Amino acid sequence: MLASRRPRRSDGDELFEKILIANRGEVAIRVIRACRELGCKTVAIFSEVDRDALHVRLADEAYCVGPAQSARSYLNVANIISAAELTGVDAVHPGYGFLAENSGFAEICASHGLKFIGPPVAAISLMGDKASAKQRMSESDIPVIPGSDVVTTLEQAKAFCAEAGYPVLIKATAGGGGKGMRMVGREADLAAGLTAASGEAQAAFADGRVYVEKLLVKPRHIEVQVLADEFGHVIHVGERDCSIQKPSHQKLLEEAPAPNLAHDVRARLGAAAVQAARSTDYSNAGTLEFLVDDDKFYFMEMNTRIQVEHPVTEVVYGIDLVKWQIRIAAGERLSVRQEAIRPLGHAIECRINAEDVENRFMPAAGKLGDVIMSGGPGIRVDTHIYSGAEVPPYYDSMLAKIIAHDHHRDNAIVRMRRALAETDIRGVATTIPVHERILSTPSFVQGRTHVTWLREEILQKGPLAGAAHGA
Ligand code: MV4
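These notes cover the structure that comes with them. Remember, it's a predicted structure, so these values are computed and weren't measured experimentally. Every chain is numbered on its own, with residues counted from 1 as its sequence reads. Per-residue local features of the predicted model are confined to residues with pLDDT of at least 70, and side-chain atom pairs are confined, for both listing and counting, to 80 or more; whole-chain, interface and lining totals are unaffected and use all residues. Note: side-chain values were computed over all heavy atoms of the structure, leaving out hydrogens and water.

1. A look at the overall build of the chain
Scanning the chain for helices and strands turns up 15 helices and 22 strands. In summary, the chain has a C-alpha radius of gyration of 22 Å against a globular reference of 23 Å for 471 residues, a match within 12%. Its C-alpha atoms put the chain at 60 × 50 × 45 Å along the principal axes. The classification of residues rests on relative accessible area computed with a 1.4 Å probe and restricted to protein chains. Under 20% of the type maximum is buried, over 50% is exposed, and intermediate values are partly exposed. Buried positions account for 55% of the 471 residues belonging to the chain. Two residues form a contact once any of their heavy atoms are found within 4.5 Å. Relative to all contacts within the chain whose residues are 6 or more apart in sequence, the contacts with residues 24 or more apart total 67%. What sets the accessible areas is the Shrake-Rupley method with a 1.4 Å probe; for residues, cover comes only from the shown protein chains. Only carbon and sulfur atoms are counted for the fraction: they give 51% of the accessible area of the chain, which is about 19200 Å². Secondary structure elements follow DSSP: runs of H or I of four or more residues count as helices, runs of E of two or more count as strands, with numbering from the N terminus. We take the radius of gyration over the C-alpha atoms and set the globule estimate at 2.2 Å times the residue count to the 0.38 power.

Right under this line is the structure:
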């Protein structure tokens, strides 16, 4: 059945009537909340193990799209499109993960008359290929890390490395997230590095192409939030420092603004992000990731979705990014001018995952006991868990995000320590102990972290105090 849909209006006083949220967990709830405040009805989807999930309860309607395994439910395009048609929604919000950066899914939505709440298909595909993304940015005068083209022979790799100097980093064209990445310190190890990286990339992405970059030593990961409407108006909403990541390259703690960032570097990052979005005819929300080395920065990749860490930007800039995603997709013009985008204070987000930090962040599924979340002044908690809920082993292990906001970074840190102390999640091990350690480490308090800081200053320094949390 193909439900009739109202024509969309461009004057912005009318949004979608009903939106399907193609996701689960806290982000599904985040989107449902935005929809409700905008007056849009919501349709949730769920897998067989998510019947009692909070996103299902909070939506106006909910439909089961398959068994527990993501490939058969949250990634099941046919079933998701069927649910959208059956319920007569006019738009689909993909959240993050799952189908959010799948250009094929965005295309299928469009061909079924469903507005995909995200960027154009062409922008998703361009940025999904790390080599083409880097090339486009380079052509648009955005600084990129010195690197080779795709290397198909050892000789090509050797030629680049001899010119750039060791150490180098081999990266997968289809990669991102660190998969298929190999550091090589000398020419003698280059062949083995190429074989390993290419093999890993082939296994992970069915695409073994790799390229080589000069290795940056102790850079910071700083990303810039952009918003673009469908009429070519682009703004940036400041930066986030996401240098604190697990060995698997998943972010653990993020903050806005980035501490100790020179004014001119901040301004140049913002301008580069806007230019990058313009050069790809971008629309909707997106994030430009950069590696920052003192006063130099380099484009790393662009995420064509709303990100997990978007709340730190929201609280510091007083802007609802998810509502803007929906408004932009509905054809509204961005009414905010760049000059009006001003940060107020500082925000830190801690990701509370069901993981055993002592056991290399091993995911910990199971039935939760009592769950007590924090709150009070300057604390926002985005979560889908509740006392007695099941944490299924099939999905991402993130249970909650605690966001602490205050006028100054030092106070935001104090506030986050208070929130972590109040939080009591029984039944599974969580990342709370590692956050407590991070927040009381002097170099963090001084704002002197970088991408290898967590490993060097926290994980290699022995067992965590307070590991008695949880189970
Ligand atoms: C790098 C780098 C140093 N030099 N590239 C890691 C995942 C992928 N997105 C890119 N990554 C890196 N690329 C060059 N040329 C260091 C990293 C890196 C990293 C980057 C961001 C956040 C955490 C990281 C942890 C280790 C290495």
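Resuming the write-up.
2. Examining the site of the ligand
Whether a residue is near a molecule or strand depends on its heavy atoms: if one lies within 4 Å, it is near. Surrounding the ligand, one finds 17 residues, the nearest of these being Lys171, Glu213, Lys214, Leu216 and Gln245. For this analysis, a polar contact is any N or O atom pair within 3.5 Å, provided that within protein one partner can donate a hydrogen and the other can accept it, and provided that sequence-adjacent residues contribute only side-chain to side-chain pairs. Here a nitrogen atom of the ligand sits 3.0 Å away from a polar atom, N or O, in the side chain of lysine 171. Within the backbone of leucine 216, one N or O atom sits 2.9 Å away from a nitrogen atom of the ligand. Compared with its free state, where it exposes 520 Å², the ligand has 91% of that area covered by protein. Broken down by secondary-structure element, the contributors of at least two residues to the shell around the ligand are strand 6 (168-172), strand 8 (210-214) and strand 13 (296-303). Under the grouping applied here, Gly and all other residues not named as nonpolar or charged are polar, the nonpolar ones being Ala, Val, Leu, Ile, Met, Phe, Trp, Tyr, Cys and Pro and the charged ones Asp, Glu, Lys and Arg. Residues that form the shell around the ligand fall into these classes: eight nonpolar, five polar and four charged. All the domain ranges listed were derived from an automatic or database domain assignment. Counting residues domain by domain, the shell around the ligand receives three or more from each of domain 2 (146-214) and domain 3 (220-461).

3. Regarding unusual backbone geometry
Across the junction of tyrosine 166 and proline 167, the peptide omega takes the value 0°, indicating a cis bond. Looking at the secondary structure, you find proline 167 in the loop between helix 7 (154-164) and strand 6. Following alanine 256, the chain continues to proline 257 via a peptide bond in cis, the omega torsion being -10°. Backbone geometry places histidine 249, a non-glycine residue, at a positive phi of 70°. Along the polypeptide, histidine 249 turns up in the loop between strand 10 (234-245) and strand 11 (251-256).

4. Thoughts on helix 6 (residues 130-139)
Among all positions of helix 6, only Lys130, Ala131, Ala133, Lys134 and Met137 are buried. Within helix 6, the buried residues cover an arc of 160° as seen down the axis, which keeps them to one side. More than 90 degrees from the buried face of helix 6, the exposed residues found are Gln135 and Glu139. Turning to helix 6, the residues buried within the fold contact helix 5 (121-128), strand 6, strand 8, helix 9 (263-279) and strand 13. Backbone geometry just after helix 6 places aspartate 141 at a positive phi near 65°. This arc is built from the directions going out from the helix axis to the C-beta atoms.

5. What to know about the packing of helix 3 (residues 77-87) against helix 4 (residues 103-111)
Note on geometry: axes are lines fitted to C-alpha atoms, helical ones only across the stretch in contact, with angles between N-to-C directions running from 0 to 180 degrees. Two numbers describe how helix 3 lies on helix 4: the axes approach to 11 Å, and their chain directions differ by 30°. It follows that helix 3 is roughly parallel to helix 4 by the angle criterion. The chirality of how helix 3 crosses helix 4 is right-handed. Across from Val77, Ile80 and Ile81 in helix 3, the residues of helix 4 making contact are Phe105, Ile108 and Cys109. Grouping the constituent residues of the contact of helix 3 with helix 4 by class yields six nonpolar, no polar and no charged. These descriptions rest on fixed angle ranges, namely under 35 degrees for roughly parallel, over 145 for roughly antiparallel, 65 to 115 for roughly perpendicular, and the rest for oblique. Each crossing gets its hand from how the near helix is turned against the far one by less than a right angle, where anticlockwise is left-handed and clockwise is right-handed.

6. Quick notes on the packing of aromatic side chains
Two rings from Phe, Tyr or Trp (for Trp, the six-membered ring) form a pair when their centres are within 6.5 Å of each other. A pair whose planes differ by under 30 degrees is stacked, one over 60 is edge-to-face, and the rest are tilted. Under the definition given, this model contains seven aromatic pairs. Through a chain of ring-to-ring contacts, the aromatic side chains of Tyr74, Phe98, Tyr394 and Tyr395 assemble into a single cluster. Between arginine 327 and the ring centre of tryptophan 324, over which it is positioned, the NZ or CZ distance is 5.1 Å. The rule for a charge over a ring is simple: NZ of Lys or CZ of Arg within 6 Å of the ring centre, and within 35 degrees of the ring normal. The ring centre of phenylalanine 444 lies 4.7 Å from the NZ or CZ of arginine 409, which sits over that ring.

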